[in-house]
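Per-entry structural report
Spelled out from the first residue to the last, the chains are:
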Amino acid sequence: FAQGGYAKAAFEAKSMAELTKALGLATPTESKDITVTGPDIAENGAVVPLGAATTLPGVKRMMLLVEKNPNMLAALFDFSDAVDPAVSTRVKMGQSSDVFAVAVMNDGRVLYGHKEIKVTLGGCGG
Amino acid sequence: PLGRYAHADAATAEKGLYDLPRFGNVSFLHMTDCHAQLLPIHFREPSVNLGVGAMAGRTPHLVGEHLLRQAGVRPGTALAHAYTFLDFEKAARRYGKVGGFAQLATLVKRLKATRPGALLLDGGDTWQGSAVSLWTNGQDMVEACKLLGVDIMTGHWEFTYGQERVQEIVKNDFAGKIEFLAQNVKTADFGDPVFKPYTLREINGVPCAIIGQAFPYTPIANPRYMVADWTFGIQDDNLQQMVDEARGKGAQVVVVLSHNGMDVDLKMASRVRGVDAILGGHTHDGVPVPVLVDNPGGKTLVTNAGSNGKFLGVLDFEVKNGKVADWRYKLLPVFANQLTPDAEMSALIQRLRAPHQAKLSEKLAVTDGLLYRRGNFNGTWDQLICDALMEVQDAQIAFSPGFRWGSTLLPGDTITRELMMDQVATTYSYATVTEMSGEMIKTVLEDVCDNLFNPDPYYQQGGDMVRVGGLTYACAPLESMGRRVQDMRLNGQPIDPGKTYRVAGWAPVSEEAKSAGHKMVWDVLETWFKAHPRVTPRKPNVPRLIGMQGNPGLA
Amino acid sequence: MRIRAQAAGDKATVRVLMSHEMETGQRKDASGKVIPAWFIQDVTAKHNDKVVMTAQWGPAVSKNPFMQFVVKGAKAGDKISITWVDNRGDTRTDEATVS
Ligand SMILES: [Mn+2]
Ligand SMILES: [Mn+2]
């Protein structure tokens, strides 16, 4: 499976278009088969658990993106056939944002799922 | 129906309202959010409890006559007084105080006698809300709950004593007596369960599972440093696993003891399969008629049992052929004058209070007006707090958190230190003064407003709007975040985003606030009471509402 | 590093906690000076001696990073090793046994 040098340009991308250009990828399309998991409201913007997973076969790379971070791409994972296409990590989020899981398939298709995560100031309660 | 017993003696009244005929073979008694109120108090239900989006006009977002109509309760009755704010002062004087653990103990014993095997479930917010609970680190409530015979509990404000204190109580005081359950609390490192997620109990030969659901947003709504090594969240996938696991082990009845808040419970009930009932708390809604929610697995009952010891929920199931065939539910008000106090519990309460009695009963002032807290935007008690903060802290604007606990005082009542502490007793009640830009003030108000009015309940936190002194504004709950708070003014002048304002507040969640040398808010209040021994009636500063005409959550 | 690898059926779930500042390069210290970026860039996961997954991270990954993945065909007694390399060229490898 793919193992190259550090994708510096991808980590500097400010938008999905810049990211796909930096990596030479096709235009991503939304897919209900790509799931991104995370809290609805982050308990701590500095440590937000995110997961990306799919039931589709033939995923070679999975990326986690935070739309409103200074740079969108937080992490990318290259899978061999010896792992499930499911991975979790924890990321920083400065403000409420959509987060994306983007899967690069063996056949060149690029699919994504997304969800909203709220980062709040906190306080109050019943 | 209780009205005719109002002037009769306690024994007769008990026979009237509290003589609830037995039904079925599996019963749960549910109390929640007592906020450490061991003695009877007054508690005024809200006149503003707005629902937006899919929640508009639906339980629990009904107030006053709208609620009575839905519950089929006649106005002017004792039940109408218990469930609503209507004619509050007059009805409160007529029907007397509510709650009290000695009265509750009598009621629990009575119901357990007619319902063998019934379990007493406590939804949490039990160890916080009074001076004595704060001064004893929750120990008074731990002792009282053990004597009351609580079988199972979950939590929220419990966590504000810190994770070590919670573990100490669960592992030592509660061992072999009370099970503390929470399927949604995990360690922050590898996500291991912190508490037992559920328990299996046999009731009259029927295997039953009770699953605990702690308040999902504890580290956001309260200081995160109190529970630094734990994470929370709603976790409905994990809940589904627990339900399936319990059913797999033979459970014929599955109930979730939840501290989600009612809107979150309603959404959760629509997503998770195999739950017979969610007995909920946190939003302090006194819900006389449970909501039956459809989901892919069947139907789930959702209830919420009010606050401050005012109610006891009684859920009876008839279990036949391995499943729930029928049910009955009653939200019983605890009228203190109509239940003979339990002698053993009275003695315990007296013993717990004795070392603090002198401090508790010290008179601070007398109020000429009704002092209450609950309501989406403000109450007279928080108005008093805002007025005191602005005056004593020399601030232009004051914020008071949208807490839903806090007892009610009638006109003419003496404000003792104990009654003041009912409004402010938390482990982080620091009084702050912050220089805030107009832009920041707007950001804060919008943030809290979204926690209350986000159309998706999973993005709500179940508190009320931050109470605001000095500043006036308009609020459009139906707008999106960033557009709800409008027309902010100070002394009639528009708030300037670039200008700095002096804002007083209390109960900050940041860890830095702990060591910043702030005064405590009760000291600020006591300073103010010295200058105002006679408290004139407070008019709550509430926003002008936009788009809420006709909403039955508004009286 | 703390690595936990637990087999269930014919798979093992691996959870890793690394110790690293993950400094973004966008924060300033008390004197107003920018704190230089310092973060893990590359991660390699091996099952016994075979590389099964690699990762590239930016500074948005949280301090003391966490990673979880599932290795097929891993059984009790197998070795899982994790290596990271940061933007300064520092590296660390740790190993755990599947339980
Ligand atoms: Mn509560
Ligand atoms: Mn609560």
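What you see is a predicted model, and the numbers here were worked out from it, not measured in a lab. (Residues numbered from 1 in each chain as written. Chains lettered and ligands numbered in written order. Predicted model: local features only at pLDDT ≥ 70, side-chain atom pairs only at ≥ 80, totals over all residues. Heavy atoms only, no water.)

Points about the overall build of chain B
- Within chain B, the regular secondary structure consists of 17 helices and 26 strands.
- A compact globule built from 555 residues should have a C-alpha radius of gyration of about 24 Å, and chain B, at 22 Å, falls within 12% of that.
- By principal-axis analysis of the C-alpha atoms, chain B measures approximately 70 × 55 × 50 Å.
- Counting over 555 residues, chain B shows a buried share of 64%.
- Contacts spanning at least 24 positions in sequence make up 78% of the contacts within chain B whose residues lie at least 6 apart.
- With 56 positive and 59 negative side-chain charges, chain B shows a separation of 5 Å between the mean positions of the two kinds. (Helix = DSSP H or I, 4+ residues; strand = E, 2+ residues; numbered from the N terminus. Rg over C-alpha atoms; globule rule 2.2 N^0.38 Å. Buried < 20%, exposed > 50% of the residue type's maximum accessible area, 1.4 Å probe, protein only. Contact = heavy atoms within 4.5 Å. Lys, Arg positive; Asp, Glu negative; His and termini not counted. Charge placed at Lys NZ, Arg CZ, Asp CG, Glu CD.)

A closer look at the pattern of salt bridges
All names here are of chain B.
- This model, assessed by the stated rule, comprises 45 salt bridges over all chains.
- Between D316 and R115 there is a salt bridge; the shortest N-O distance is 2.9 Å. Separated by 201 residues along the polypeptide, D316 in strand 13 (residues 311-320) and R115 in the loop between helix 5 (101-114) and strand 2 (119-122) bring together distant segments of the chain. In this structure, D316 and R115 share a single accessibility class: buried.
- A salt bridge links R544 to D487; its shortest N-O distance comes to 3.4 Å. In this pair, R544 is assigned in strand 26 (residues 544-545) and D487 in strand 21 (residues 485-490), connecting sequence segments 57 residues apart.
- Exposure remark for D487: the relative accessible area of 39% places this residue in the partly exposed category.
- Within the structure, one salt-bridge network assembled from shared partners comprises D285, R374, R404 and D464. (Salt bridge = Lys/Arg side-chain N within 4 Å of Asp/Glu carboxyl O.)

Side note on the coordination of the manganese ion (ligand 1)
All names here are of chain B.
- Distances from the manganese ion (ligand 1) to its protein donors, D33 (OD), H35 (NE2), D125 (OD) and H284 (NE2), fall at 2.1 to 2.2 Å.
- When the donors of the manganese ion (ligand 1) are listed by position in the chain, the intervening gaps give D-x1-H-x89-D-x158-H.
- Separation of the manganese ion (ligand 1) from the manganese ion (ligand 2) amounts to 3.4 Å, with D125 serving as a shared donor to the pair. Within this pair, whereas D125 is found in the loop between strand 2 and helix 6 (131-135), its partner H284 is found in the loop between strand 10 (277-280) and strand 11 (291-295), the two being separated by 159 residues in sequence. For the pair D125 and H284, a shared accessibility class is recorded, and that class is buried. (Donors = N, O, S within 2.8 Å, 3.2 Å for Na, K, Ca; no water.)

A word on the domain arrangement of chain B
Residues and elements named next belong to chain B.
- The assigned domain composition of chain B is domain 1 (23-41 + 97-349) and domain 2 (362-545).
- Taking only C-alpha atoms into account, the centre of domain 1 sits 29 Å from that of domain 2.
- With 33 residues of domain 1 at the contact, the number on the domain 2 side is 26 residues.
- Between domain 1 and domain 2, roughly 2,500 Å² of surface is buried when both sides are summed, and carbon and sulfur atoms account for 60% of that area.
- Considering only the surface of domain 1 that becomes buried against domain 2, L134, Y225 and K267 emerge as the three largest contributors, covering 23% of it.
- Along the contact surface separating domain 1 from domain 2 lie two salt bridges.
- Of the charged contacts, one joins K267 and D456 as a salt bridge, the two residues approaching to 2.8 Å between their closest N and O atoms.
- Across the contact surface, domain 1 and domain 2 share eleven residue pairs in polar contact (both at pLDDT 80 or more).
- Every element with two or more residues in the side of domain 1 that touches domain 2 is listed here: helix 6, helix 9 (218-221) and helix 11 (262-271).
- Sorting elements by how many residues they give to the side of domain 1 that touches domain 2 places helix 11 first, with five residues. (Domains from an automatic or database assignment. Buried area = accessible area lost by both parts, 1.4 Å probe. Polar contact = N/O pair within 3.5 Å; in protein donor to acceptor, adjacent residues only side chain to side chain.)

A look at the packing of helix 15 (residues 417-424) of chain B against helix 17 (residues 521-531) of chain B
Residues and elements named next belong to chain B.
- Running from amino to carboxyl end, helix 15 crosses helix 17 at an angle of 135°, the nearest separation of the two axes being 10 Å. Here helix 17 runs oblique to helix 15, going by the angle between their axes. The handedness of the crossing between helix 15 and helix 17 comes out as right-handed. Here R417, M420, M421 and V424 of helix 15 lie close against helix 17, whose contacting residues are V521, W522, L525, E526 and F529. (Axes fitted to C-alpha atoms, helices over the stretch in contact; angles between N-to-C directions. Parallel < 35°, antiparallel > 145°, perpendicular 65-115°, else oblique. Left-handed = near helix turned anticlockwise from the far one by under 90°.)

Some details on helix 10 (residues 236-248) of chain B
Residue and element names in this part refer to chain B.
- Look at helix 10: 18 Å from first C-alpha to last across 13 residues, which is about the 18 Å you get at 1.5 Å a residue.
- Along helix 10, the residues that are buried comprise D236, N238, L239, Q240, M242, V243 and A246.
- Where the residues of helix 10 are buried, they touch strand 5 (186-187), strand 6 (198-203), strand 7 (206-213), strand 9 (253-258) and helix 11.
- After helix 10 finishes, the residue G250 shows a positive phi value of roughly 105°. (Expected span 1.5 Å × (residues − 1).)

As for unusual backbone geometry
Residues and elements named next belong to chain B.
- Of note, the amide linkage connecting T59 to P60 takes the cis form, showing an omega dihedral of 5°.
- Residue placement: P60 occurs in the loop between strand 1 (26-31) and helix 2 (64-71).
- Positive phi outside glycine occurs at H35, with the angle close to 50°.
- In this structure, H35 sits in the loop between strand 1 and helix 2.
- Judged by its relative accessible area of 1%, H35 is buried.
- We note that N321 has phi near 50°; this positive angle belongs to a residue other than glycine.
- Along the polypeptide, N321 turns up in the loop between strand 13 and strand 14 (323-333).

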